[in-house]
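Residue-level structural notes
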Amino acid sequence: MSSRISPIGQPVTIRRAVARDAKRLTRLVRGSGAYEGKYASAVAGYRVGPDYIEAHRAFVAVGADGQGDRVLGFYSLVLAPPELDLLFVADDVQGRGIGRLLVAHMQSEARAAGLDRVMVVSHLPAEDFYHRVGAVRTGTAFANPPAVPWDRPAFEFRIPSG
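So, how was this worked out
- Residues numbered from 1 in each chain as written.
- Predicted model: local features only at pLDDT ≥ 70, side-chain atom pairs only at ≥ 80, totals over all residues.
- Heavy atoms only, no water.
- Phe/Tyr/Trp six-rings, centres within 6.5 Å; stacked < 30°, edge-to-face > 60°.
- Helix = DSSP H or I, 4+ residues; strand = E, 2+ residues; numbered from the N terminus.
- Buried < 20%, exposed > 50% of the residue type's maximum accessible area, 1.4 Å probe, protein only.
- Lys, Arg positive; Asp, Glu negative; His and termini not counted.
- Salt bridge = Lys/Arg side-chain N within 4 Å of Asp/Glu carboxyl O.
- Contact = heavy atoms within 4.5 Å.

**Quick notes on the packing of aromatic side chains**
Per the stated rule, a full pass over the model turns up 7 aromatic pairs. Aromatic pair Tyr35 and Phe88: ring centres 5.8 Å apart, planes at 35°, arrangement tilted. Of the two residues, Tyr35 is situated in the loop between helix 1 (22–30) and helix 2 (50–55) and Phe88 in strand 5 (residues 83–89); the sequence distance between them amounts to 53 residues. Owing to a relative accessible area of 7%, Phe88 belongs among the buried residues under this scheme. Connected via pairs of aromatic rings, a cluster forms that spans Phe129, Tyr130, Phe155 and Phe157.

**Observations concerning the side chain of Arg152**
Locating Arg152 in the fold gives a position in strand 8 (residues 152–158). Despite its burial, Arg152 pairs with no opposite charge; the closest candidate is Asp151, at 7.0 Å N-O. Ignoring anything within four residues of it in the chain, the contact list for Arg152 reads Val121, Ser122, Gly139, Thr140, Ala141 and Phe142.

In structure tokens form, the structure reads like this:
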């Protein structure tokens with residue numbers, strides 16, 4: 001677990017996700033403003049279940065909000081093949097460094113696991129974010145209807161050894 005003061009001015013802790021986080025993570029995915037309109041079908045009915053959390057390296061960023069710990073964002077790292085499977089930040093804290101904190105944590109976890117690169121297939125509205133946090137565009141993941149009816153940019157994080 002790591003903790004630091006974030007750019008949003010409150011302490012943020014990144015910890016391993018646990019089964020009881022599943023409903024909050026599902027709400028974060030389904031409620032993402034990046035998946036409104038034509039993108040809504042990609043997350044309609046999507047569920048981050050306890051089984052997913054147990055099977056993957058999923059981590060949450062939590063901040064104190066006066067009502068207990070609030071989930072500000074989360075990510076999931078798959079080791080084989082190395083992929084950043086999910087990365088979501090709550091809409092109301094986007095642009096405040098939470099995504100950058102999660103990416104830095106993911107890179108640290110990848111390095112500790114002996115990975116030298118991690119792939120990510122980006123949602124179109126997140127493409128600029130991945131550029132800003134150092135991912136390198138490697139190609140295009142082509143549409144896979146009906147689940148994902150649009151092409152998406154593919155990126156790679158290069159993980160320097162420790």
